[in-house]
Amino acid sequence: MEKDWWKKSVVYQIYPQSFKDTTGSGIGDLNGISEKLSYLADLGIDVIWLNPIYQSPLVDNGYDISDYFKINPEYGTMDDFKRLLNEAHQLGIKIIMDLVVNHTSDRHEWFKKSSESRDNEYSDFYIWKDPKEDGSAPTNWGSTFGGPAWTYVESRGQYYLHLFAKEQPDLNWENPKVRKTIYDMMKFWFELGIDGFRMDVISLISKRQDWPDAPDDAVYSKSYYIGASNGPRVHEFLHEMYQEVLSKYNIMTVGETANTNSDQAILYTHPDREELNMVFHFDHMHLDYGPYGKFSDVRFKLSDLRDVMTEWQSKLEGRGWNSLYWSNHDQPRAVTRFGNDTKYRAESAKMLGTLLHMMKGTPYIFQGEELGMRNVRFDSLDHYKDIETIGVKNDFEAKGLPDSYIKKSIFLKSRDNARTPMPWNGSEKSGFTTGTPWIDFSPDNGTINVESCLEDKDSVYYHYKQLIRLRKELPVVVDGTYALINPTDSDVYGYMRMLGKQKLVVICSFSEHKVNYRLPEELSRSSGKLLLSNYHDTKKKLDDLTLRPYEAVIYLID
Ligand code: TEU
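Residues numbered from 1 in each chain as written. Predicted model: local features only at pLDDT ≥ 70, side-chain atom pairs only at ≥ 80, totals over all residues. Heavy atoms only, no water.

**Digging into the environment of Tyr39**
Step number 1: The topology assignment puts Tyr39 in helix H2 (residues 37–43).
Step number 2: Classification of Tyr39 as buried rests on a relative accessible area of 8%.
Step number 3: For the pair Tyr39 and Ile507, spaced 468 residues apart in the sequence, the C-alpha separation amounts to 29 Å.
Step number 4: Beyond its immediate chain neighbours, meaning those up to four positions away, Tyr39 contacts Tyr12, Glu370, Leu371, Met422, Trp424, Val450 and Tyr461.
Step number 5: In this structure the side chain of Tyr39 is engaged in a polar contact, spanning 2.7 Å, whose partner is the side chain of Glu370. (Helix = DSSP H or I, 4+ residues; strand = E, 2+ residues; numbered from the N terminus. Buried < 20%, exposed > 50% of the residue type's maximum accessible area, 1.4 Å probe, protein only. Contact = heavy atoms within 4.5 Å. Polar contact = N/O pair within 3.5 Å; in protein donor to acceptor, adjacent residues only side chain to side chain.)

This is how it looks when you write it as structure tokens:
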């Protein structure tokens, strides 16, 4: 098998809990994924990334693992997993799993033992610190889901660190035994035949050992980054992981690295450094942050988006590799956030797909994105299930923010927007379950669903299928270098990809109105051939363009 196969791949992210339920439990399962493999093969994707399916009390929907070697019975059995892996492989689809090793669940045996005393085998598996003289926590860090990042445990007379929920204690990577145990666990899954890992918050595993306080004005929920992001030994640990495990298998790795800039990303992904293949950066996710961070009603600016994407495309050229994504299980739906989810839903969803999929890197499609799914607006905030959303609601209420602001920011940013069940058809239960779904359906399911998309040749689904096909057919999509066109245009994001004499020209309008777009002369004089557009009757030749709302075009110049 080719070594850098992941450079040519398109990844499809499955949130197992919400994909397809075969038992009537209301929770998606592994057999449901097996059942839908042919749908994914038809779409043309190469790799599935599965969110965590390990044993877990599901406080954070699986990002709190209580046994790394067991499948959560809610999702099925180890045999179901082996069957899924085998059936996927037969269809030429690879499977990567989520590796959550910054923290475990507090129900993990290691943590139970670690909490008992200061002198047993697992005592140093987690990060324990004595209280300050006045009994308070070792630092002022806040945890991601609200409240302090330290919790006191009577039996040890100490605090433990949890950057996320208190049920997610952070592992102590300074301890070589912890690292060895993790590497062995990774080998277990590779020996089973999986094709790689998406590494959860991997940029947080090495904490500064001088334990600094966060500045008072740091956004509360992010204060922990001060002492934990891209910490002093993170590259040493990842290189060690590479040597001990990753280098022994032909697999792919993608690190989730919030708060990592493009220079740091080179350190993670430069092939010579032998760490990871690529990382998920968050710079475009931060463009619509407001005074309270992620949960805001701010809208991104096109100029910022273009700057950020261009920076990452350019910086990593020849020095690393990009992951390309608009959304995932932590983010709202792309078409609501970056497009227009009412009048131009299909057009703008296709435009966004075009913009991203023609860039250099490995594209990720989050389940339902290929249908153009939108954010949901549950009537009552009580319908939201996500621990982050609930934490934000409590925090905003305590701050005295108006109800209207709380609702609006949750409608726009809640992780539950991405987590409603996959709509397989327009029936009452969406073809997802025969029981009661663990979270409400999106009210759109009657119209936006797999069946209706497959019947409609103009659907977002078929546009994504074409984008995936182009990547397979044209080496310029995989290997071409990136260059901006008209870097300051107020409505349109245009860029080229270049490989040898070939040029791919990608023009995407973010406007709800018609815009006249003037190409640089050398392009408008060339004889480009139209490859794909999100309107029927786009001009076949590349010269000055009148772009309709959210029009996206791809031309090839040979
Ligand atoms: O997310 C890490 C992360 O960066 C979160 O803080 C993210 O910013 C937040 O969800 C955005 O709203 C990963 C997982 O993807 C997420 O689902 C987990 O909850 C988290 O780690 C803890 O494991």
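**Describing the side chain of His463**
Step number 1: Structurally, the position occupied by His463 is in helix H15 (residues 460–473).
Step number 2: When residues no more than four places from it in sequence are discounted, the contact partners of His463 are Lys350, Thr354, Leu532, Ser533 and Asn534.

**Some words on the packing of aromatic side chains**
Step number 1: For the coordinates displayed, the defined rule picks out 42 aromatic pairs.
Step number 2: Plain terms: the ring middles of Phe280 and Tyr364 are 4.7 Å apart, the flat faces sit at 70 degrees to each other, and that makes the pair edge-to-face. Note that Phe280 is positioned in strand S11 (residues 278–280) and Tyr364 in strand S13 (residues 362–366), a separation of 84 residues in sequence.
Step number 3: On the basis of relative accessible area, Tyr364 is assigned to the buried category, the value being 2%.
Step number 4: Here Tyr493 and Tyr495 contribute two aromatic rings whose centre-to-centre distance is 5.8 Å and whose plane-to-plane angle is 70 degrees, an arrangement assigned as edge-to-face. Both residues of the pair, Tyr493 and Tyr495, belong to the buried class. (Phe/Tyr/Trp six-rings, centres within 6.5 Å; stacked < 30°, edge-to-face > 60°.)

**Description of the domain arrangement of the chain**
Step number 1: Each assigned domain of the chain is listed with its residue range as follows: domain 1 (5–98 + 176–462) and domain 2 (479–557).
Step number 2: For domain 1 and domain 2, the distance between their C-alpha centres works out to 30 Å.
Step number 3: Contacts between the two partners involve 24 residues from domain 1, matched on the other side by 29 residues from domain 2.
Step number 4: For the pair domain 1 and domain 2, the two sides together bury roughly 2,200 Å², of which 67% comes from carbon and sulfur.
Step number 5: Area buried by domain 1 at its contact with domain 2 is led by Arg306, Met351 and Met358, which between them contribute 30% of it. (Domains from an automatic or database assignment. Buried area = accessible area lost by both parts, 1.4 Å probe.)

**Some remarks on unusual backbone geometry**
Step number 1: In this model, Trp211 sits at a positive phi of 45 degrees, which is unusual for a non-glycine residue.
Step number 2: Tracing the sequence through the fold places Trp211 in the loop between strand S9 (196–199) and helix H6 (225–228).
Step number 3: Accessibility expressed as a relative area gives 15% for Trp211, which makes it buried.

**Observations regarding the pattern of salt bridges**
Step number 1: Going through the model one piece at a time under the given rule, you end up with 40 salt bridges.
Step number 2: Here Glu388 ties to Lys294 by a salt bridge, and the two come within 3.1 Å at their closest N and O atoms. In this pair, Glu388 sits in helix H12 (residues 387–399) while Lys294 sits in the loop between S11 and helix H9 (302–315), placing the two residues 94 residues apart along the sequence. Here the two residues Glu388 and Lys294 agree in accessibility, since each one is buried.
Step number 3: Among the ionic pairs, Asp330 bridges to Arg419, the shortest N-O distance being 3.3 Å. Of this pair, Asp330 sits in the loop between strand S12 (323–324) and helix H10 (334–338) while Arg419 sits in the loop between helix H13 (403–413) and helix H14 (450–455), placing them 89 residues apart in sequence.
Step number 4: A relative accessible area of 1% means that Arg419 is categorised as buried. (Salt bridge = Lys/Arg side-chain N within 4 Å of Asp/Glu carboxyl O.)

**With respect to empty space enclosed by the protein**
Step number 1: One pass over the structure, following the stated rule, counts three cavities of 30 Å³ or more.
Step number 2: As for the largest cavity, its lining consists of Trp326, Ser327, Arg333, Ala334, Val335, Ala349, Leu352, Glu369, Gly372, Met373 and Tyr464.
Step number 3: Going through the elements one at a time, H10 and helix H11 (345–357) are the ones with two or more residues in the lining of the largest cavity.
Step number 4: A class-by-class count of the residues in the lining of the largest cavity yields seven nonpolar, two polar and two charged. (1 Å grid on protein atoms, 1.4 Å probe; cavity = no way out; pocket = protein on both sides within 12 Å on 5 of 7 lines; lining within 4 Å. Points joined across faces, edges and corners; volume = space filled by probe spheres on them. Nonpolar A, V, L, I, M, F, W, Y, C, P; charged D, E, K, R; others polar.)

**Topic: the confidence of the model for the chain**
Step number 1: Summary statistics for the chain give a mean pLDDT of 96 and a share of 99% for residues scoring 70 or more.
Step number 2: H6 is the least confidently modelled element of the chain, averaging 79 in pLDDT, while strand S1 (residues 11–14) averages 99, the highest of any element. (pLDDT = per-residue confidence, 0-100.)

**Overview of the site of the ligand**
Step number 1: As a structural note, the neighbourhood of the ligand is formed by 19 residues, with Asp60, Asp200, Lys294, Asp330 and Glu388 the closest of them.
Step number 2: His329 is positioned with one of its side-chain polar atoms (N or O) 2.9 Å from an oxygen atom of the ligand.
Step number 3: Glu388 is positioned with one of its side-chain polar atoms (N or O) 2.5 Å from an oxygen atom of the ligand.
Step number 4: The protein chains hide 99% of the 490 Å² of surface that the ligand would expose on its own.
Step number 5: Grouping the constituent residues of the shell around the ligand by class yields six nonpolar, four polar and nine charged. (Near = heavy atom within 4 Å. Areas by Shrake-Rupley, 256 points an atom, 1.4 Å probe, with all protein chains shown as cover.)

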